[in-house]
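In case you want the letters, here they are:
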Amino acid sequence: MSEPASFLDAAWGKSTPHAPVWLMRQAGRYLPEYRELKERHGFWRMVRTPELAVEVTLQPIRRFPLDAAILFSDIMTPLPPMGVDIDFAPGPVLAEPVRTRSDVDRLRVPDAGELAPFVADAVRLLRSESPVPLIGFAGAPLTLATYLVQGTGTTEHADLRAWLAREPETAHALLDKLTEVTIRYLRTQVEAGAQAVQLFDSWAGVHDVAGYARFGLPYAHRVLDALAGTVPRIYLAVGSSHLYGRIATLPAEVVSVDWRRPLRDCRAELPGLALQGNLDPGLLLTTPELAVAGAHEVLRAGLGGAHIFNLGHGVLPGTDPDTVARLVDAVHEFPRTEGDQQP
Ligand SMILES: Cc1c2[nH]c(c1CCC(=O)O)Cc1[nH]c(c(CCC(=O)O)c1C)Cc1[nH]c(c(CCC(=O)O)c1C)Cc1[nH]c(c(C)c1CCC(=O)O)C2
């Protein structure tokens, strides 16, 4: 590799000599050192103890030459201070879903300082310990509402869509509170030193264009707009290419694309935006050779504009860390210079 790949350059829309690479869920269950720590401490304690959150954030950075670190936390982290009781099994499970107007009225909107002081501490520690830029993150309001209304994240979401249609005013009241909390939560991370932010709208894709335009877009817009002029903003919505016409209007620098369509097809629909993605995480469950071949496809499709290499969604639990190592090297070895596009 001639020059190091710069994550922040690509996030600001510059075309880099190599694609920088990080992986959603790069810290987590596929790493034995993560499983060992979780066995000892449990998930919430790891999230809430800055030294443990720092350790888990850095585990993948020590193993692989990744170009960015993502804070170890969860999109659910700002919800308990609002008065929501959440456990992980392994996905989030709420003691009581939020469905009525009085459920929504009871939710608190805590001050920034109250929201997650341990997150601000972890970010500050990471800024002195991490050799690579640090990405902060939050869940987008509609995705957080998905968990709050359903109580889990595991259905077809028809009940959420029915609830939105039946109770639009209650839904807007809930989304409004979640938007304010998310803005405070992300500003806290940026003020503590996060160098980029990713807004995870993981479940936006289950809505039709009109539903997204009504309940997703305006709130994601407000969150991203509140961070204007600070750090590059990455927006992720899985299974959502039917929404790209709307997503293109968001005040973000980067859109994270899932594995369903080649990046070159997405560029035309997301003009002026850097693209992040989009290897199928399922390919990392095959062989290093197939994963690397898939990465080359993605890298070729990503030419023609700024590209941050990532998966289309998170690393899956059964992934072999050696395959991840081969993948990261393959991305760094791929030149993005014009006329020299084959690995
Ligand atoms: C929907 C969502 C959640 N959490 C998150 C999202 C958005 C991203 C996406 O769409 O996948 C975001 C998240 N969750 C976690 C991170 C840490 C940083 C990273 O490495 O990417 C991030 C960025 C840790 C975690 N969050 C969770 C774990 C697993 C806990 C365990 O060890 O069992 C980790 C490492 C628990 C969790 N938390 C959530 C789910 C669905 C689960 C189930 C297990 C899983 O998908 O890994 C909610």
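Residues numbered from 1 in each chain as written. Predicted model: local features only at pLDDT ≥ 70, side-chain atom pairs only at ≥ 80, totals over all residues. Heavy atoms only, no water.

J.: Could you give an account of the UniProt feature "site: Transition state stabilizer" (unreviewed entry) in the chain, naming the residues involved and the relevant values?
T.: As annotated in UniProt, the feature "site: Transition state stabilizer" (unreviewed entry) corresponds to D74 in the numbering used here. Mapped onto the elements of the fold, D74 is located in the loop between β1 (69-70) and β2 (86-88). Not counting residues up to four positions away in its chain, the partners in contact with D74 are F43, F88, F137 and Y185. A polar atom in the side chain of D74 sits 3.0 Å from the backbone nitrogen of M76. (UniProt positions renumbered as here; feature names shortened; annotations may be inferred. Helix = DSSP H or I, 4+ residues; strand = E, 2+ residues; numbered from the N terminus. Contact = heavy atoms within 4.5 Å. Polar contact = N/O pair within 3.5 Å; in protein donor to acceptor, adjacent residues only side chain to side chain.)

J.: Go over the packing of helix α8 (residues 141-150) against helix α10 (residues 168-192), please, and point to the residues and values.
T.: Close contact between α8 and α10 brings their axes to 9 Å; oriented N to C, the two are set at 120°. Taken together, α8 and α10 sit at an angle that is classed as oblique. Both α8 and α10 take part in a crossing whose hand is right-handed. Between α8 and α10, the contacting residues are P141, L142, L144, A145, L148 and V149 on the first element and L174, L175, L178, T179 and T182 on the second. Within the contact of α8 with α10, the residues separate by chemical class into nine nonpolar, two polar and no charged. (Axes fitted to C-alpha atoms, helices over the stretch in contact; angles between N-to-C directions. Parallel < 35°, antiparallel > 145°, perpendicular 65-115°, else oblique. Left-handed = near helix turned anticlockwise from the far one by under 90°. Nonpolar A, V, L, I, M, F, W, Y, C, P; charged D, E, K, R; others polar.)

J.: Tell me about the sheet that holds strand β5 (residues 196-200), and please be specific about residues and values.
T.: Here we have seven strands laid out as an open sheet, ordered β1-β4-β5-β6-β7-β8-β9, and parallel in their pairing. At either end of the open sheet lies a strand with only one pairing partner, and these are β1 and β9 (307-311). Looking at chain direction, strand β4 (residues 134-139) and β5 are connected through five bridges and run parallel. Within the sheet, the bridge partner assigned to G136 lies in β5 and is V197. (Pairing = 2+ DSSP bridges.)

J.: Please provide a residue-by-residue account of helix α16 (residues 321-333), values included.
T.: With 13 residues, α16 ought to run about 18 Å at 1.5 Å a step, and its terminal C-alpha atoms sit 19 Å apart, in line with that. P321, T323, V324, L327, V328, A330, V331 and H332 are the residues of α16 that are buried. In this structure, the buried residues of α16 make contact with α2 (32-41), α4 (50-63), β8 (274-279), α15 (288-301) and β9. (Expected span 1.5 Å × (residues − 1). Buried < 20%, exposed > 50% of the residue type's maximum accessible area, 1.4 Å probe, protein only.)

J.: Lay out the domain arrangement of the chain with the relevant residues and their values.
T.: By the assigned domains, the chain splits into domain 1 (1-26 + 258-343) and domain 2 (41-62 + 69-256). Of note, the centres of domain 1 and domain 2, computed from C-alpha atoms alone, are 24 Å apart. In this assembly, domain 1 packs against domain 2 so that about 2,100 Å² is buried in total across both faces, 68% of it on carbon and sulfur atoms. Inspection of the region where domain 1 meets domain 2 yields zero salt bridges. If you list the elements that add at least two residues to the side of domain 1 that touches domain 2, you get α1 (7-11), α14 (263-269) and β8. For the side of domain 1 that touches domain 2, the per-class residue count stands at 13 nonpolar, four polar and four charged. (Domains from an automatic or database assignment. Buried area = accessible area lost by both parts, 1.4 Å probe. Salt bridge = Lys/Arg side-chain N within 4 Å of Asp/Glu carboxyl O.)

J.: Can you lay out the pattern of salt bridges for me, pointing to particular residues and giving the numbers?
T.: Taken as a whole and assessed by the stated rule, the structure comprises 16 salt bridges. Between R40 and E36 there is a salt bridge, with the nearest N and O atoms lying 3.3 Å from each other. Of the two residues, R40 and E36 both sit in helix α2, four residues apart, roughly one turn of that helix. The salt bridge involving E297 is made with R300; its shortest N-O contact spans 3.3 Å. Taken as a pair, E297 and R300 lie in helix α15 at a separation of three residues, close to a single helical turn. A relative accessible area of 48% places E297 in the partly exposed class. In this structure R300 comes out as partly exposed when scored by relative accessible area, which is 26%. Residues joined by salt bridges that share partners form a network here, namely D111, E180 and R184.

J.: Explain the UniProt feature "domain: Uroporphyrinogen decarboxylase (URO-D)" (unreviewed entry) in the chain residue by residue, including any values.
T.: According to UniProt, the positions carrying the feature "domain: Uroporphyrinogen decarboxylase (URO-D)" (unreviewed entry) are residues 20-29. In residues 20-29, helix accounts for 0% and strand for 0%; the two terminal C-alpha atoms are 23 Å from one another.

J.: With reference to specific residues and values, describe the nonpolar core.
T.: Counting residues in each nonpolar core, the largest one holds 126 residues, and the members touching the most others are L174, Y235, I247 and F309. When residues in this core are grouped by element, the largest group, 11 residues, is from α10. Counting contributing residues, this core receives three or more from each of domain 1 (1-26 + 258-343) and domain 2 (41-62 + 69-256). Those residues in contact with L174, other than ones at most four positions away along the chain, are V98, V104, L107, A145, L148, V149 and W163. (Core = buried A, V, L, I, M, F, W, Y, C linked by side-chain atoms within 4.5 Å.)

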